Amino acid sequence: MLDVEVPASSARAIDARQPIISARQVTQIYKGGSAGAVTALSNVGFDIEQGELISLVGPSGCGKSTLLRILAGLNRPTAGTVELHGRPRLEPGPETAVVFQQPILLPWRTILENVLLPIEFRELALPAYRTRAVELLASVGLDGFENRYPHELSGGMQQRAAIARALIQDPEILLMDEPFGALDAMTREQMNLDVLRIWRESRKTIIFVTHSISEAVFLSQRVFVMSPRPGRLTEILDIDLPFPRSLDVINTDAFGRYTARIRGLLQAIGDVSS
Amino acid sequence: MTAVDSTPFPSARSAPPTRRRPVIANWARLMRRRPEWTITPALVVLMIAAWAFVTHVFNVPEFVLPRPEAVWSALVEGLSHGPTDAGGYWYHAGITIYESLAGLVLGSVFGGLIGFGLGSSQLLERTFYPFIIAFQALPKVALAPLLVIWFGLGFDGKIYITAIITFFPVLVSAIAGSHAVDPERLDLARSCNARPSQILRKIVIPSALPFLFAGLNVASALAVLGAIVGEFVGARAGLGMLLIQYDQAMQIAPLFAILVLLGVIGFAINYAVRVAERKYCFWAQRGRHAMAASH
Ligand SMILES: Nc1ncnc2c1ncn2[C@@H]1O[C@H](COP(=O)(O)OP(=O)(O)OP(=O)(O)O)[C@@H](O)[C@H]1O
Ligand SMILES: [Mg+2]
């Protein structure tokens, strides 16, 4: 249903050999909570290549959001380093855009104004981006909703608007934190197809956090499996299913083996949900 | 061809008995939908009738409770003078309205600015909050005599006392509002490299508007109070001064007429605030209605 192309990020003269993200021994300790200090992440390290689509699965509270926030520059890790293109990530920057678990649309702004919010913050030329925003909204199936207010949209539509708001920043890296957690299964499948399409057309690097094992396998080239408290990266799984993927892939044996393997891993580390 | 207009044979469908019911049903629906335009005025009429009944039947003395028609004629007489005539109500009402509005604007602008300023800095807020609490506990009307000594019998003292009274509810609601921002909205802004001033303008202040308007609502009700108290203490003009004069002369009917005027003025100022709220906070109101409907 969605076929407006999403252009790739402009001019990237980057050495293809260098990972776009590299994390080394990242540790995050939250101090001063009611439970005292919480070690949310412990010695997490990985490399991610340009253009990869990666899912992050793990039980609730294992530090997935924390890791994403560190990549987004919203959190400073307590120890360890995160580098983008070999430069340390110390604060948010235009390289990343985040799709949060909730749409977080501002209720006093129309959908179009919401999508343009990052452009206003970055003080870019609004008129030029207005056309782009309308295109992006159409590409996520929201044509005709530009001047509606968020409460007039369904949950799935709001999350689409949030994706458009991330895409308008044209980030190299799209960080998605359980963006479809609140959606029903059918809407969710449709949104997954949208993510694959956006990824295929834009060649962005996407890091996708999810609770759902099958969502992780369906979407990604690699699945990062995390263990709870303190959050560690226990396994990195390559998913060798061919792209482009359609929903049919879910019924294949290979798909079943991958989900079983991840489920086994999660059970071994003490989480039997999903 | 006007055959359609004058149907010679009324059909069974438009028989008289069925015609009356919809009218009653319409009234009932209107009353349920818009009680403020139907039931409320009816109650006002009822109360005036009760008032008239009591004063006439029990012969209540004029200086205890004047009859409604006496109050009405005092009101009509007072309003028949031109706005520049100090012998009529328009002149004094204009002065009181001016003092109330100027004080309200002054108090809320400062309350809002200082509130958002304090709300955006832990250090400032924690430093100044004890002062705010101490000052809030003080009955501000007690300052009125002092302000009249400082600023004399003119408008200024009344504007300042109104400003002081209206300042606090707006200040406190602005502080509360600036803390009520959903932290996720702040994360969103930070993830887009928003500067603090942008976050304040585009996220914090709009998010705090429902709180701010709650404060403004209270402040608008206090605005007339401030002006009247100021005029009680000492003034050359204004409805508060008229009240004192009529009171001393035991002219109770015009005193009631002034009370009616004050009620109308207070209502109008509060109504203006509500209209502004509906305009600038439409999104919050809608949420409230949606919530009410879902219960
Ligand atoms: N701001 C914070 N202050 C204190 N502790 C926190 C904070 N944020 C997260 N934590 C703790 O850190 C741990 C990891 O939290 P995080 O939100 O990263 O988990 P998650 O994997 O995203 O969980 P979920 O799947 O439920 O979203 C949890 O134990 C949580 O209680
Ligand atoms: Mg999370």
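Parameters at a glance
Residues numbered from 1 in each chain as written. Chains lettered and ligands numbered in written order. Predicted model: local features only at pLDDT ≥ 70, side-chain atom pairs only at ≥ 80, totals over all residues. Heavy atoms only, no water. Helix = DSSP H or I, 4+ residues; strand = E, 2+ residues; numbered from the N terminus. Buried < 20%, exposed > 50% of the residue type's maximum accessible area, 1.4 Å probe, protein only. Contact = heavy atoms within 4.5 Å. Areas by Shrake-Rupley, 256 points an atom, 1.4 Å probe, with all protein chains shown as cover. Rg over C-alpha atoms; globule rule 2.2 N^0.38 Å. Lys, Arg positive; Asp, Glu negative; His and termini not counted. Charge placed at Lys NZ, Arg CZ, Asp CG, Glu CD. Pairing = 2+ DSSP bridges. Near = heavy atom within 4 Å. Polar contact = N/O pair within 3.5 Å; in protein donor to acceptor, adjacent residues only side chain to side chain. Nonpolar A, V, L, I, M, F, W, Y, C, P; charged D, E, K, R; others polar. Patch = residues over 30% accessible without salt bridge, like charges linked within 9 Å, V, L, I, M, F, W, Y side chains within 5 Å. Salt bridge = Lys/Arg side-chain N within 4 Å of Asp/Glu carboxyl O. pLDDT = per-residue confidence, 0-100. Axes fitted to C-alpha atoms, helices over the stretch in contact; angles between N-to-C directions.

Of regular secondary structure, chain B possesses 12 helices and 0 strands. The linear arrangement of helices and strands in chain B, starting from the amino end, is α-α-α-α-α-α-α-α-α-α-α-α. Looking at the 295 residues of chain B, the share that counts as buried comes to 38%. Considering only contacts in chain B between residues 6 or more positions apart, those separated by 24 or more positions represent 67%. Looking at chain B as shown, the accessible area adds up to about 17,500 Å², and 70% of this sits on carbon and sulfur atoms.

Along its length, chain A carries 7 helices and 10 strands. Computed over C-alpha atoms, the radius of gyration of chain A comes to 18 Å, within 12% of the 19 Å expected from 2.2 N^0.38 for 274 residues, which places it in the range of a compact globule. For chain A, contacts bridging at least 24 residues in sequence account for 71% of all contacts bridging at least 6. Accessible surface, chain A as shown: approximately 11,600 Å² in total, 50% of it carbon and sulfur. Of the side-chain charges in chain A, 28 are positive and 31 negative, and the distance between the mean point of each set is 5 Å.

A separate point is the pairing of strand E2 (residues 36–48) of chain A. Every other side chain in a regular strand lies on the same face of the sheet, so the side chains alternate between the two faces. All names here are of chain A. Bridging between strand E1 (residues 21–33) and E2 involves 8 bridges; their strand directions are antiparallel. Paired with Gln28 across the bridge in E2 is Leu41. Counting the residues between successive antiparallel strands, the hairpin from E1 to E2 contains 2 residues.

Residue and element names in this part refer to chain A. Taken together, 13 residues form the shell around ligand 1, and within it Ser60, Gly61, Lys64, Ser65 and Thr66 come nearest. Contacts to ligand 1 include Ser65, whose side-chain N or O atom sits 2.6 Å from an oxygen atom. Glu178 places a polar side-chain atom, nitrogen or oxygen, 3.1 Å from an oxygen atom of ligand 1. Elements represented by at least two residues in the shell around ligand 1 include exactly E2 and helix H1 (64–72). Per element, the largest residue contribution to the shell around ligand 1 is 3 residues, and it comes from H1. Of the residues that constitute the shell around ligand 1, the class distribution is 4 nonpolar, 6 polar and 3 charged.

Another aspect to go through is a nonpolar patch on the surface. Residues and elements named next belong to chain B. A cluster of nonpolar residues, Val105, Leu106, Val109, Phe110, Leu113, Ile114, Leu146, Ile149, Trp150, Phe151 and Tyr160, forms a patch on the protein surface that exposes about 1,100 Å² of accessible area. If one sorts the elements of the nonpolar patch by residue count, helix H4 (residues 89–119) sits on top with 6 residues. Mapped onto the elements of the fold, Phe151 is located in helix H6 (residues 144–151). Look at Phe151 and you get partly exposed, because its relative accessible area is 37%.

All names here are of chain B. The pLDDT averaged across chain B works out to 87; a share of 89% of its residues lies at or above 70. Here residues 289–295 is a poorly scored stretch, pLDDT under 50, and it has 0 contacts once near neighbours within four places are set aside; other chains count. As scored by the predictor, the complex reaches a pTM of 0.81 and an ipTM of 0.86.

Tallied over the full model, the rule gives 14 salt bridges over all chains. With its nearest N and O atoms 2.7 Å apart, the salt bridge here joins A:Arg222 to A:Glu52. Note that A:Arg222 is positioned in strand E9 (residues 222–227) and A:Glu52 in the loop between E2 and strand E3 (53–57), a separation of 170 residues in sequence. A:Glu52 sits in the buried class, given a relative accessible area of 11%. Measuring nitrogen to oxygen at the nearest pair gives 2.9 Å for the salt bridge that ties A:Glu235 to A:Arg261. Remark: A:Arg261 occurs in helix H7 (residues 253–268) and A:Glu235 occurs in strand E10 (residues 232–238); sequence separation between them is 26 residues. On the basis of relative accessible area, A:Arg261 is assigned to the partly exposed category, the value being 41%. Connected via shared salt-bridge partners are A:Arg109, A:Glu120 and B:Lys202.

With that out of the way, let us pick up the sheet that holds E2(A). All names here are of chain A. Taking strand neighbours across the sheet as the criterion, the 4 strands line up as E2-E1-E4-E5 in an open arrangement whose pairing is antiparallel. On the outer flanks of this sheet lie E2 and strand E5 (87–88), each paired with one strand and no other. Two elements, E1 and strand E4 (residues 79–84), share 5 bridges in a ladder whose sense is antiparallel. Within E4, the position partnered with Ala23 by the bridge is Val82. Here H1 sits on the sheet and contacts E1, E2 and E4; the angle it forms with E2, its principal contact strand, is near 60°.

Turning next to the sheet that holds E10(A). Residue and element names in this part refer to chain A. Pairing is mixed in the open sheet, where 6 strands are placed in the order E6-E7-E8-E3-E9-E10. In the strand order of this sheet, the two ends are held by strand E6 (96–99) and E10, each with one partner. Between one strand axis and the next, the sheet turns through 20° on average, direction left out of account. Pairing geometry for E3 and strand E8 (residues 205–210), over 5 bridges, is parallel. If you follow Leu53 over to E8, its bridge partner there is Ile206.

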